[in-house]
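Coordinate inspection notes
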Amino acid sequence: EKEEGEEEEEEEEEEEEPEIEIKLETAPHDPRFPSTNQARHCYTRYNEFHKCAAEKGEEAEDCKFFQKAYRSMCPNMWVEKWNEEREEGTFAG
């Protein structure tokens, strides 16, 4: 005979939710930025996204590549600073 605890464990195992697959990606290699310092690559992708968004809208599929790229490689502190500068009209990009 099974004890109460054993039956409960089996039932819990059956009710487990399927694992959700999470895919982590970063920007693909770009031969224009061969060094390990990716600051210029980050800055370029940030600018490419905002140029694309101005032309086609932020939700355009074409722009999502640039957005995903800059978000994966740019430090949040930089992006926040650049966004503030864009709002104030002082961004140099």
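Residues numbered from 1 in each chain as written. Predicted model: local features only at pLDDT ≥ 70, side-chain atom pairs only at ≥ 80, totals over all residues. Heavy atoms only, no water.

1. Digging into the packing of helix α2 (residues 39-56) against helix α3 (residues 61-73)
With their axes 8 Å apart at the nearest point, α2 and α3 run at an angle of 150° to one another. Viewed along their axes, α2 and α3 adopt a mutual orientation that is roughly antiparallel. Pair α2 / α3 crosses with left-handed handedness. On the side of α2, the interface is formed by H41, C42, R45, Y46, E48, F49, H50, C52, A53 and K56, while α3 contributes D62, C63, F65, F66, Q67, A69, Y70 and M73. (Axes fitted to C-alpha atoms, helices over the stretch in contact; angles between N-to-C directions. Helix = DSSP H or I, 4+ residues; strand = E, 2+ residues; numbered from the N terminus. Parallel < 35°, antiparallel > 145°, perpendicular 65-115°, else oblique. Left-handed = near helix turned anticlockwise from the far one by under 90°. Contact = heavy atoms within 4.5 Å.)

2. Let's talk about the state of the cysteines
Under the defined criterion, the tally for this structure stands at two disulfides. The disulfide partner of C42 is C74, and the gap between their sulfur atoms is 2.0 Å. Disulfide C42 to C74: torsion about the S-S bond roughly 120°, handedness right-handed. Highlighted residues: C42 in helix α2 and C74 in the loop between α3 and α4 (76-88), separated in sequence by 32 residues. (Disulfide = S-S within 2.5 Å.)

3. Some thoughts on the nonpolar core
By size, the foremost hydrophobic cluster in this structure holds 16 residues, and its most contacted members are Y46, F49, Y70, M73, C74 and W82. Residue assignment for this core shows that the elements contributing at least two residues are α2, α3 and α4. Ignoring sequence-local partners within four residues, the contact set of W82 consists of C42, Y43, Y46, C74 and F91. (Core = buried A, V, L, I, M, F, W, Y, C linked by side-chain atoms within 4.5 Å. Buried < 20%, exposed > 50% of the residue type's maximum accessible area, 1.4 Å probe, protein only.)

4. Some points on a negative patch on the surface
Together, E80, E84, E87 and E88 make up a negatively charged patch on the protein surface. Mapping E84 onto the fold places it in helix α4. (Patch = residues over 30% accessible without salt bridge, like charges linked within 9 Å, V, L, I, M, F, W, Y side chains within 5 Å. Areas by Shrake-Rupley, 256 points an atom, 1.4 Å probe, with all protein chains shown as cover. Salt bridge = Lys/Arg side-chain N within 4 Å of Asp/Glu carboxyl O. Lys, Arg positive; Asp, Glu negative; His and termini not counted. Charge placed at Lys NZ, Arg CZ, Asp CG, Glu CD.)

5. Some thoughts on the confidence of the model for the chain
Low-pLDDT portions of the prediction should not be read for the details of their coordinates. When the pLDDT values of the chain are averaged, the result is 82; 81% of them are 70 or greater. When pLDDT is averaged over each element of the chain, α4 comes out on top at 95 and helix α1 (residues 4-14) at the bottom at 52. (pLDDT = per-residue confidence, 0-100.)

6. Digging into α4
In a regular helix each residue adds 1.5 Å, so 13 residues correspond to 18 Å; α4 covers 18 Å between its end C-alpha atoms and thus fits that length. Of all the residues in α4, the buried ones are V79, W82 and E85. Here the buried residues of α4 occupy an arc of 125° about the axis, which is enough to place them on one side. Seen from the buried face of α4, the exposed residues on the opposite side, beyond 90 degrees, are N76, M77, E87 and E88. Looking at the buried positions of α4, the neighbouring elements they touch are α2 and α3. G89 sits one or two positions beyond α4 and adopts a positive phi of about 80°. (Expected span 1.5 Å × (residues − 1). Arc of directions from axis to C-beta.)

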